[in-house]
Amino acid sequence: MSKPKIAICDFTDCEGCQVQIISLREKLLDLEKHFDIVDWRLVQAKKEKGPYFATLVEGTPITPSEIETLKYFREQSKYIFGLGSCASLAGIPGIISKENREKWYKIIYGAGYKPQGIDALPIQAFVKVDFLIHGCPVGQEQLVRFFEELMAGQTPSYRNYSVCFECKVEGNPCRLVEKKPCLGPITQAGCKAVCVSGGSACYGCFGLRTEPNIRALLTILNNITDKKEIERYFTMFLSRTEEYQKIVKPNL
Ligand code: SF4
Ligand code: SF4
Ligand code: SF4
């Protein structure tokens, strides 16, 4: 019996999340027992047309042709899964504002240059998405969990608690108590608070948790730092979210 077909495609990004899949090494052989990866530009010459059981989408489409390609995969796939923060949140490509992008286009390419690129947006802005695998890059443990759920015929599920929960399990002192900014309370768990454990803040690359209390966190952050710094934190990964536009931006 033929195996369900999987495609892995990428748009504007750094390809780091696909490298995480490649780095699963022998675990990829388990995946191959259940699925046939028929289109994966980064690693194989084999390229079959749809329909596909599922397509994993890395990166954000920023040109008309990339948007058309994304729509093609949506039409051809039973499931579409976002792979990493560039796909799920517009991620790193979304950091630059429209104004700054246009300014830099002129500086780099000259005044006559006609850019094709649009503002980076999450892939959900263009097509229906069935599940988002968060992270920048996505974690290997998450990928294994995701693929196991997929192979078992289950619907992948989100963790409905924040990074703070995992941060406490890891035994970290709380940055907010130490008067240092952190977006852990509003960020979906799954990374085991790796940044905080490594001495940095959480910048929200896993996206917003369910019902995040952003106003409460803003009150705390306003007592810790200035608005410019708060903007810097929120615009690392979350600037394209509705919550940032409606709740955070008007308060900056
Ligand atoms: S989410 Fe991060 S690691 Fe993954 S493709 Fe985007 S920039 Fe690269
Ligand atoms: S350091 Fe950040 S992630 Fe950890 S408990 Fe405090 S706010 Fe939450
Ligand atoms: S701690 Fe925050 S920024 Fe770091 S990986 Fe986890 S969710 Fe992403």
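This one's a predicted model, so the numbers in the text were calculated from it and none came from an experiment.

Now for the domain arrangement of the protein. Interfaces are often sized by the amount of accessible area the parts lose when they come together. What the domain assignment reports for the protein is domain 1 (5–151) and domain 2 (163–251). Between the C-alpha centres of domain 1 and domain 2 the distance comes to 25 Å. Taken together, the contacts link 17 residues of domain 1 with 14 residues of domain 2. Carbon and sulfur atoms make up 58% of the surface buried where domain 1 meets domain 2, a total of about 1100 Å² over both sides.

Turning our eyes to something else, we now look at the side chain of Glu 58. Position of Glu 58 relative to the elements: it lies in strand S3 (residues 52–58). Buried within the structure, Glu 58 lacks any salt-bridge partner; its nearest side chain of opposite charge belongs to Arg 41, at an N-O separation of 6.3 Å. Within the structure, Glu 58 has its side chain in polar contact with the backbone nitrogen of Gln 18 (distance 2.7 Å). Residues within four places of Glu 58 in sequence aside, it is in contact with Cys 9, Asp 10, Phe 11, Asp 13, Glu 15, Gly 16, Cys 17, Gln 18, Leu 83 and Ala 87.

Inspection of the entire model under this criterion finds 15 salt bridges. One salt bridge connects Glu 15 with Arg 41, and the closest N-O pair in it is separated by 2.5 Å. Highlighted residues: Glu 15 in the loop between strand S1 (5–10) and helix H1 (16–22) and Arg 41 in the loop between strand S2 (36–40) and S3, separated in sequence by 26 residues. Look at Glu 15 and you get partly exposed, because its relative accessible area is 25%. Given a relative accessible area of 49%, Arg 41 falls into the partly exposed group. The partner of Glu 102 in a salt bridge is Lys 98, with the nearest N and O atoms 3.3 Å apart.

Another point: the sheet that holds strand S5 (residues 131–133). What the five strands build is an open sheet, ordered S2-S1-S3-S4-S5; its pairing is parallel. Because the sheet does not close on itself, it has two edges, and the strands there are S2 and S5. Taken pair by pair, the neighbouring strands of this sheet meet at an average axis angle of 25 degrees, ignoring direction. Sheet topology note: the strand S4 (residues 77–83)/S5 ladder contains three bridges and is parallel. The residue bridging Phe 81 from the neighbouring strand is Phe 131, located in S5. Contacting S1, S2, S3 and S4, helix H3 (residues 64–76) runs over the sheet at an angle of about 135 degrees to S4.

Bringing the packing of helix H9 (residues 214–224) against helix H10 (residues 227–237) into the picture now. For the pair H9 and H10, the least separation of the axes is 10 Å and the interaxial angle reads 135 degrees. Taken together, H9 and H10 sit at an angle that is classed as oblique. Here the hand of the crossing between H9 and H10 comes out right-handed. Residue-level contacts link Ile 214, Leu 217, Leu 218, Leu 221 and Asn 222 of H9 to Lys 227, Ile 230 and Phe 234 of H10.

What follows concerns the site of ligand 2. Neighbouring ligand 2 are Val 163, Cys 164, Cys 167, Lys 168, Cys 174, Arg 175, Leu 176, Cys 182, Gly 184, Pro 185 and Val 196. Among the residues making up the shell around ligand 2, the classes are represented as eight nonpolar, one polar and two charged.

Reading the values: rules and limits
- Residues numbered from 1 in each chain as written.
- Chains lettered and ligands numbered in written order.
- Predicted model: local features only at pLDDT ≥ 70, side-chain atom pairs only at ≥ 80, totals over all residues.
- Heavy atoms only, no water.
- Domains from an automatic or database assignment.
- Contact = heavy atoms within 4.5 Å.
- Buried area = accessible area lost by both parts, 1.4 Å probe.
- Helix = DSSP H or I, 4+ residues; strand = E, 2+ residues; numbered from the N terminus.
- Buried < 20%, exposed > 50% of the residue type's maximum accessible area, 1.4 Å probe, protein only.
- Lys, Arg positive; Asp, Glu negative; His and termini not counted.
- Salt bridge = Lys/Arg side-chain N within 4 Å of Asp/Glu carboxyl O.
- Polar contact = N/O pair within 3.5 Å; in protein donor to acceptor, adjacent residues only side chain to side chain.
- Pairing = 2+ DSSP bridges.
- Axes fitted to C-alpha atoms, helices over the stretch in contact; angles between N-to-C directions.
- Parallel < 35°, antiparallel > 145°, perpendicular 65-115°, else oblique.
- Left-handed = near helix turned anticlockwise from the far one by under 90°.
- Near = heavy atom within 4 Å.
- Nonpolar A, V, L, I, M, F, W, Y, C, P; charged D, E, K, R; others polar.

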